[in-house]
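# Secondary and tertiary structure notes
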Amino acid sequence: MRVTWTGGELGFRLDPEDEITGRAADGYPVKLAINSCALSGVPDDAHPDLFAVAAWTVVAPWTRRKITFDRAVSAEVAAALHDGWGIEAGPVGAEPRRAGRTLAISYSGGADSVAAAAVYPDAPFVHFRRVSHPRVPNRWPHYRSDVLAKLAERTGRDLTVVGSDLEFTLAEPRPGYPEHHAVAAGALLLADRLGLGGLGFGYELGSRWLGGDRYVLRYTPDNVLWAPHGAWGRLFAAVGVHIVLPVGGVSEAVTMRLAVNSDLKDQVRWCLRGTDGPCRTCGKCLYKELILAAVERRPLDTPITADRPVARKWRLPPPYGGQEMIEYGLARVPGIEHTLFAKALDHLRPTEESTSWLDHCYPPSIEEIPAPWRERAAAFMAEHVGFMTDDEIRRVETWGS
Ligand SMILES: [Zn+2]
């Protein structure tokens, strides 16, 4: 792989051994659509390591053996790429970047990132906004990134919006981040300007510890994506932008509760489609409605009926993505046995007792927050959430086994 930056424009060329259909760090197959993308509003004089890691978040799935950058990187970055991915990176020759002192939040506006923001009320935001690619047709026009960017502006936080078409480098399954970390490409290039030493993400207990989302449902302390000692954690650390997961120890029930009770509650939006509010008809709206109804202890309020395609997966047996939250909702939403979740209820039969661990914070998630920001997170969790008991900790650590 050969990469070239021209200002905020990234071009890349595959080497003979590279592949058009690659694999992201989570094992997901991703097919290349086009070998260029751009980020707006980023400086062109960032540290070369920042350009290198920003590029890696885009090109990693399609890179097999080596990567050649257009400017020398530090030995530290080359070592992190070698140790994490077995990739030869060069040329090597730059001094490593020194970490700054500021923690910014990679802010999407969803409940999880609003909760992360609530932990650090003074942290600036960097918001990734999808824009169209000049040479790739947009096959998924429902995504209202303009609405999400407006909501981010209304938070009143110190905000930098980075527009990018990098999701269109990915042809299949549909436009999206080539690697999850590509959401941070703009923040990385801004790291010198913002004095960043850390970047906070809204990844919660399920993503960090339970192997949720695209993965197998199993306790995963060595999660390659988000563990500080994982490949990505070490790569980000090598450029002095430590990955921080302020809500990595709490479930989506807790992030939901924190979000709807926070100063930013009027700007929370997990739906990518809605304009004046959540669309209420997409799969994500349904999933979040189950969690919100559980948190508010009220019946499910959705126009989606069991015969809709979006409800199909709830007619099938588990496992489900985010299954811990499905169990949490099933155990708490009054009348859930009369909804489209009835089949899932038959299969899982959770109770409030079997899901109470999802109301508390998993202590190791605090220990892995870098020192400058740890105490604040610990105090926040003690005050607003509470920590898991030993029994509850065991629930986390035996998940899926
Ligand atoms: Zn929706």
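Our subject is the structure listed above.
Here's what I pulled together on the structure shown here. As the structure is a prediction and not an experimental result, all values here were calculated from the model.

Rules used throughout
Residues numbered from 1 in each chain as written. Predicted model: local features only at pLDDT ≥ 70, side-chain atom pairs only at ≥ 80, totals over all residues. Heavy atoms only, no water. Helix = DSSP H or I, 4+ residues; strand = E, 2+ residues; numbered from the N terminus. Rg over C-alpha atoms; globule rule 2.2 N^0.38 Å. Contact = heavy atoms within 4.5 Å. Areas by Shrake-Rupley, 256 points an atom, 1.4 Å probe, with all protein chains shown as cover. Lys, Arg positive; Asp, Glu negative; His and termini not counted. Charge placed at Lys NZ, Arg CZ, Asp CG, Glu CD. Donors = N, O, S within 2.8 Å, 3.2 Å for Na, K, Ca; no water. Tetrahedral: all angles 85-135°; square planar, octahedral: opposite > 155°, others 65-115°. Pairing = 2+ DSSP bridges. Axes fitted to C-alpha atoms, helices over the stretch in contact; angles between N-to-C directions. Salt bridge = Lys/Arg side-chain N within 4 Å of Asp/Glu carboxyl O. Buried < 20%, exposed > 50% of the residue type's maximum accessible area, 1.4 Å probe, protein only. Core = buried A, V, L, I, M, F, W, Y, C linked by side-chain atoms within 4.5 Å.

Our focus in this paragraph is the overall build of the protein chain. Counting its secondary structure elements, the protein chain contains 15 helices and 13 strands. A globule of 401 residues ought to have a C-alpha radius of gyration of about 21 Å, and the protein chain, at 21 Å, matches this closely. Seen through its principal axes, the protein chain has C-alpha atoms that stretch 60 × 45 × 40 Å. Here the analysis covers contacts within the protein chain between residues at least 6 apart in sequence; of these, 70% occur between residues at least 24 apart. Approximately 16,700 Å² of the protein chain is accessible, and the part contributed by carbon and sulfur atoms is 48%. Measuring between centres, the 45 positive side-chain charges of the protein chain sit 5 Å from its 50 negative side-chain charges.

At 2.3 to 2.4 Å from the zinc ion lie its protein donor atoms, namely Cys271 (SG), Cys279 (SG), Cys282 (SG) and Cys285 (SG). If you look at the zinc ion, its four donor atoms make angles of 101 to 122 degrees with each other, and the shape they trace is tetrahedral.

Here we come to the sheet that holds strand β10 (residues 159-164). One open sheet accounts for five strands, arranged β10-β9-β8-β12-β13; its pairing is parallel. Both edges of this open sheet fall to β10 and β13 (242-244), since each of them pairs with a single strand only. Averaged over all neighbouring strand pairs, the angle between strand axes comes to 30 degrees, with direction disregarded. Direction of pairing for strand β12 (residues 196-200) relative to β13: parallel, over a ladder of three bridges. The residue of β13 that forms the bridge with Gly200 is Val244. Of the strands in this sheet, β9 (125-130) and β10 touch helix α4 (residues 145-153), which is tilted by about 165 degrees from β9.

This part takes up the pattern of salt bridges. Two side chains with opposite charge may pair up if their charged atoms get near one another. This model, assessed by the stated rule, comprises 19 salt bridges. Between Asp15 and Arg2 there is a salt bridge, with the nearest N and O atoms lying 3.6 Å from each other. Remark: Arg2 occurs in strand β1 (residues 2-6) and Asp15 occurs in the loop between β2 (9-13) and β3 (21-23); sequence separation between them is 13 residues. Overall, the relative accessible area of 7% leaves Asp15 in the buried class. Arg2 sits in the partly exposed class, given a relative accessible area of 37%. Between Asp346 and Arg349 there is a salt bridge; the shortest N-O distance is 2.9 Å. Note on Arg349: relative accessible area 54%, which makes it exposed. One salt-bridge network, held together by shared partners, links Arg2, Asp15 and Lys66.

Our focus in this paragraph is the nonpolar core. One finds Tyr120, Phe341 and Met381 to be the most contacted residues of the largest nonpolar core, which totals 70 residues. Top contributing element to this core by residue count: helix α10 (residues 283-296), with eight residues. Setting aside anything within four residues of it in sequence, one finds Met381 in contact with Val119, Pro246, Val247, Val250, Cys361, Ile366, Gly386 and Phe387. Val3, Trp56, Leu188 and Leu196 belong to the second largest nonpolar core, which has 59 residues in total.

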